[in-house]
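Summary of structural features
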Number of protein chains: 2
Amino acid sequence: MGTDAPKIQVSTSVVRRMSKYLRHLEELENDGISRISSQMMANQLGLTASQIRQDLNSFGGFGQQGYGYSVEYLKSNIESILGVHRKCHAVLIGVGDLGRALIQHIDFGKYGVSIAYAFDIGGQTSDSRIDGVEILPIDALEQTVRSCQPQMAILAVPPEPGREIAKKLIELQVFGFWNFTNVDLHIGNPDAVVEDVHLADSLLTLRFMIGQKT
Amino acid sequence: MGTDAPKIQVSTSVVRRMSKYLRHLEELENDGISRISSQMMANQLGLTASQIRQDLNSFGGFGQQGYGYSVEYLKSNIESILGVHRKCHAVLIGVGDLGRALIQHIDFGKYGVSIAYAFDIGGQTSDSRIDGVEILPIDALEQTVRSCQPQMAILAVPPEPGREIAKKLIELQVFGFWNFTNVDLHIGNPDAVVEDVHLADSLLTLRFMIGQKT
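Residues numbered from 1 in each chain as written. Chains lettered and ligands numbered in written order. Predicted model: local features only at pLDDT ≥ 70, side-chain atom pairs only at ≥ 80, totals over all residues. Heavy atoms only, no water.

**Describing the relation of the copies chain B and chain A**
Of the transformation superimposing chain B on chain A, the axial component is 0.0 Å and the angular component is 180 degrees, with the fit at an RMSD of 0.0 Å. As the rotation angle and translation indicate, the two copies are arranged about a two-fold axis. Within chain B, the C-alpha atom positioned nearest to the axis of rotation is that of Asp 97 of chain B, 2.7 Å from it. A high fraction, 100%, of the interface residues of chain B reappear at the interface in chain A, so the copies pair face to face through one surface. (Least-squares fit on C-alpha atoms with pLDDT ≥ 70 in both. Contact = heavy atoms within 4.5 Å.)

Here it is in structure tokens:
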């Protein structure tokens, strides 16, 4: 664990906001801003200042009353809290358009995530690599996972192979899932951590908000 | 507006949970379950029963104390609240892997969203259609938007053309944005509705949760 922050019990909503703060601090840093108050951050992010202070205080603070936060110091602390400097190995299942888009669209390295291998389900591609990530047939999953022991699996497959593959991965001691299958995986294992990306929920929410405006 | 529910002031978090309930009710219906209590839904979704009742009550209820909810009736009411039967026209900007994955991965029709056209930025594809959606060069954006008047734009492009295109679309009276640019658009127009899909926040949240387990 090195110099990482100790483990603290916080809700996923707090962690999600910490990620948002980190992204915002990066933008501030790019704009050459070195100090920011919780009130200014709150205005820019559509949150309340007390919410931000409360979130940050749950990890120990990092600001001084009346002086605001040092952008660099706060950013580096949030990076350390979120563990981006610790390497996390991942495998990606599914190299259709979605899997390919994830590899090419997301800067995994920036977040300490390294995609060890990607797995092709039923001949989705004839490429042997995408952006440097080696592609293997799904038959090689078990042996590969046993040898590289990833902590995270990214499921970019339809629900049906998805649930089965998740079950298999749990058996192989992979407990972290980034779930793009559009269904709940119903893993029911207390050691598993699942982050669902339900794009349909997001679309429906937008749909509703547009309807309210027109 | 037909028989749609009247406009009600609710927070995006409530709407997001309504989408989650809808998805869950669809699964229940597929499993042949016709009645469910808020407590059972709560257990299955990892929420509290009072949260669910409170959300549903903000739109008028739909259940009877002690009898639970009719799955079919509740589902149909939530669909109506979310407006999935009202047609919403959309344009998709960017037909790289991400845009292509969205077209092929998401059942837009099910949510009442129809992608009128997709726009290619700088020769991303030589296809003239993806899954039936006609692809036009980005130069045709202005004229096409003026004539088809979409309510939603899906931005599957990098930040830099993204912000500029959003600004252009606002001028053309498009106010709903599904934002996959990975940055805040800073639109600053009170009529605009932006639903950000920050995949990096999601990845970081999972990253943290995995770290807490190991």
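**A word on the interface of chain B and chain A**
The partner chain A presents 65 residues to the 65 residues of chain B that form the contact. The junction of chain B with chain A conceals about 6,000 Å² of combined surface from both sides, 62% of it contributed by carbon and sulfur atoms. Remark: the boundary between chain B and chain A carries six salt bridges. Connecting chain B to chain A are 17 residue pairs in polar contact (both at pLDDT 80 or more). Where the side of chain B that touches chain A is concerned, the elements lending two or more residues are α1 (12-30), α4 (71-82), α5 (97-105), β8 (176-179), β9 (193-196) and α8 (199-213) of chain B. A per-element tally of the side of chain B that touches chain A places α8 of chain B first, with 15 residues. Grouping the constituent residues of the side of chain B that touches chain A by class yields 32 nonpolar, 17 polar and 16 charged. (Buried area = accessible area lost by both parts, 1.4 Å probe. Salt bridge = Lys/Arg side-chain N within 4 Å of Asp/Glu carboxyl O. Polar contact = N/O pair within 3.5 Å; in protein donor to acceptor, adjacent residues only side chain to side chain. Helix = DSSP H or I, 4+ residues; strand = E, 2+ residues; numbered from the N terminus. Nonpolar A, V, L, I, M, F, W, Y, C, P; charged D, E, K, R; others polar.)

**Topic: the sheet that holds strand β7 (residues 152-155) of chain B**
All names here are of chain B. In spatial order, the strands read β5-β6-β4-β3-β7-β8-β9; together these seven strands make up an open sheet with mixed pairing. Across the chains shown, the open sheet's two edge strands, defined by having one partner strand only, are β5 (129-130) and β9. Across the sheet, helix α7 (residues 159-171) lies against β3 (88-93), β7 and β8, angled at about 170 degrees from β7, the strand it touches most. (Pairing = 2+ DSSP bridges. Axes fitted to C-alpha atoms, helices over the stretch in contact; angles between N-to-C directions.)

**Regarding the sheet that holds strand β4 (residues 113-120) of chain A**
Residue and element names in this part refer to chain A. The strand order across the open sheet formed by seven strands is β5-β6-β4-β3-β7-β8-β9, and the pairing between neighbours is mixed. Of all strands in the sheet, those with a lone pairing partner are β5 (129-130) and β9 (193-196), marking the two edges. Sheet analysis places strand β3 (residues 88-93) next to strand β7 (residues 152-155), joined by four bridges and oriented parallel. Across the sheet, the residue bridging to Leu 92 is Ile 154, located in β7. Helix α6 (residues 141-148) rests against β3, β4 and β6 (133-137) of the sheet, and its axis sits at about 165 degrees to β4.

**A word on the environment of Leu 82 of chain A**
Along the chain, the position of Leu 82 of chain A falls in helix α4 (residues 71-82). Since its relative accessible area comes to 1%, Leu 82 of chain A is described here as buried. Considered as a pair, Leu 82 of chain A and Asp 191 of chain A are 109 residues apart in the sequence and their alpha carbons are 19 Å apart. Other than its neighbours up to four places away in sequence, Leu 82 of chain A contacts Val 15, Met 18, Ser 19 and Leu 22 of chain A together with Leu 204, Arg 207 and Phe 208 of chain B. (Buried < 20%, exposed > 50% of the residue type's maximum accessible area, 1.4 Å probe, protein only.)

**Here we look at the packing of aromatic side chains**
The full count for this structure, using the stated rule, is six aromatic pairs over all chains. Note on Trp 178 of chain A and Phe 180 of chain A: the rings are 4.9 Å apart at their centroids and 70 degrees apart in plane angle, and the pair reads as edge-to-face. (Phe/Tyr/Trp six-rings, centres within 6.5 Å; stacked < 30°, edge-to-face > 60°.)

**Brief notes about the pattern of salt bridges**
Residue and element names in this part refer to chain A. A full pass over the atoms with the stated rule returns 28 salt bridges over all chains. Here Glu 26 makes a salt bridge to Lys 110, at a shortest N to O gap of 3.1 Å. Of this pair, Glu 26 sits in helix α1 (residues 12-30) while Lys 110 sits in the loop between α5 (97-105) and β4; the two residues are 84 residues apart in sequence, bridging distant segments of the chain. Residue classification places Glu 26 among the buried positions, given a relative accessible area of 16%. A salt bridge links Asp 127 to Arg 100; the nearest nitrogen and oxygen atoms lie 3.1 Å apart.

**A short note on the packing of helix α2 (residues 38-45) of chain A against helix α3 (residues 49-57) of chain A**
All names here are of chain A. Their axes nearest at 8 Å, the elements α2 and α3 cross at an angle of 115 degrees. When the axis of α2 is compared with that of α3, the two are roughly perpendicular. When you trace α2 past α3, the crossing you get is right-handed. Counting all contacts with α2, which are made through Ser 38, Gln 39, Met 41 and Ala 42, the residues of α3 involved are Ala 49, Ile 52 and Arg 53. Classifying every residue of the contact of α2 with α3 by side-chain character gives four nonpolar, two polar and one charged. (Parallel < 35°, antiparallel > 145°, perpendicular 65-115°, else oblique. Left-handed = near helix turned anticlockwise from the far one by under 90°.)

**Describing α2 of chain A**
All names here are of chain A. For α2, the complete set of buried residues consists of Ser 38, Met 41, Ala 42 and Leu 45. One face of α2 carries all of its buried residues, which in axial projection span an arc of 100 degrees. Where α2 is buried, its residues contact α1, β1 (35-36), α3, β2 (69-70) and α4. Gly 46 occupies a position one or two residues after α2 and carries a positive phi of about 70 degrees. (Arc of directions from axis to C-beta.)

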